[in-house]
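# Observations on the three-dimensional arrangement
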Amino acid sequence: MKLFEQKEFENVTAAKTVKDETERLMKRNKIAIIVALIASGLVLLGLLFQTTIAPDVSAMEQIGAIIWCIAIGFSIASYIIGGGFLIALKCAGKIAGIGWLIIPFPFDIVTGFACLIFALLAFLFVPIIFVGISCRQRRLDHEAAVAWMNYMNVEMAN
């Protein structure tokens, strides 16, 4: 699986458009990284409270469940702000495919579906990985646009 794509440009206008767009999106990615870090920290804090939701749970476990719900909200917000959700879906699909191929026929569909659900839940609780990958891809696109414009001796206006 190729993690990062190399951007190629046909003309100066395309490179300038990508440069301007990535500059705008990189500002949003800084916020998304912070939100994803908060979400990951809240997941760890929720683990400390041993979250289980049942009628006879202690108050600490209920607090942990509330913290996990807040962490899921922060995780979804970080994916909306910074992107990376499609990368997480592709990775979850590959994990489900591996689970589907390993197990023999009658159980392979259930195993593939279970792997997909497990991967999606894991990616929901740890958004920093895929938001970071999205941020890095945008930075690489920006660097490629600037390098191509410098190669073509185009004066960059700020």
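Notes on the structure follow. (Residues numbered from 1 in each chain as written. Predicted model: local features only at pLDDT ≥ 70, side-chain atom pairs only at ≥ 80, totals over all residues. Heavy atoms only, no water.)

Position of asparagine 29 among the secondary structure elements: in helix H1 (residues 12–48). For the pair asparagine 29 and glycine 132, spaced 103 residues apart in the sequence, the C-alpha separation amounts to 8.3 Å. The residues touching asparagine 29, leaving out its near neighbours within four places in the chain, are Gly82, Ser134, Cys135 and Arg138. Of note is the side chain of asparagine 29, whose polar atom sits 2.7 Å from the side chain of arginine 138. (Helix = DSSP H or I, 4+ residues; strand = E, 2+ residues; numbered from the N terminus. Contact = heavy atoms within 4.5 Å. Polar contact = N/O pair within 3.5 Å; in protein donor to acceptor, adjacent residues only side chain to side chain.)

Taken together, the side chains of Ile34, Ile38, Ile66, Ile70 and Phe74 present a nonpolar region at the surface, about 430 Å² in accessible area. Where the nonpolar patch is concerned, the elements lending two or more residues are H1 and helix H2 (59–82). Here isoleucine 34 lies in helix H1. (Patch = residues over 30% accessible without salt bridge, like charges linked within 9 Å, V, L, I, M, F, W, Y side chains within 5 Å. Areas by Shrake-Rupley, 256 points an atom, 1.4 Å probe, with all protein chains shown as cover. Salt bridge = Lys/Arg side-chain N within 4 Å of Asp/Glu carboxyl O.)

This brings us to the environment of leucine 124. Its location among the elements puts leucine 124 in helix H4 (residues 105–125). On a C-alpha basis, the gap between leucine 124 and isoleucine 72 in space is 6.6 Å, while along the polypeptide they are 52 residues apart. Sequence-distant contacts of leucine 124, that is, excluding residues within four places in its chain, are made with Ile72, Ser75 and Ile76.

This paragraph deals with the pattern of salt bridges. Per the counting criterion, the structure on display carries 3 salt bridges. With a closest N to O distance of 3.5 Å, aspartate 20 and lysine 16 form a salt bridge. Of this pair, aspartate 20 and lysine 16 both sit in helix H1, separated by 4 residues, roughly a single helical turn. The class for aspartate 20 is partly exposed, based on a relative accessible area of 35%. For lysine 16, a relative accessible area of 25% puts it in the partly exposed group. Put simply, lysine 19 and aspartate 20 hold a salt bridge, and the shortest N to O gap is 4.0 Å. The buried category is assigned to lysine 19, whose relative accessible area is 2%. (Buried < 20%, exposed > 50% of the residue type's maximum accessible area, 1.4 Å probe, protein only.)

Right, let's get into the nonpolar core. With 10 residues, the main nonpolar core is built from Ala32, Tyr79, Ala88, Cys91, Ala92, Ala119, Phe123, Phe130, Val131 and Ile133. Of all the secondary structure elements, the ones that give two or more residues to this core are helix H3 (85–102), H4 and helix H5 (128–151). (Core = buried A, V, L, I, M, F, W, Y, C linked by side-chain atoms within 4.5 Å.)

In the structure shown here, the tally under the stated rule is 3 aromatic pairs. Centroid distance phenylalanine 123 to phenylalanine 130: 4.5 Å. Interplanar angle 70°. Geometry classified as edge-to-face. (Phe/Tyr/Trp six-rings, centres within 6.5 Å; stacked < 30°, edge-to-face > 60°.)

Quick look at H3 now. The end-to-end C-alpha distance of H3 is 26 Å, a good match for the 26 Å that 18 residues give at a rise of 1.5 Å each. For H3, the complete set of buried residues consists of Ala88, Cys91, Ala92, Ala96 and Gly99. Buried residues of H3, viewed axially, fall in a sector of 140°; they line one side. Away from the buried face of H3 by more than 90 degrees, exposed residues Leu86, Lys90, Ile98 and Leu101 are located. On its buried face, H3 sits against H2, H4 and H5. (Expected span 1.5 Å × (residues − 1). Arc of directions from axis to C-beta.)

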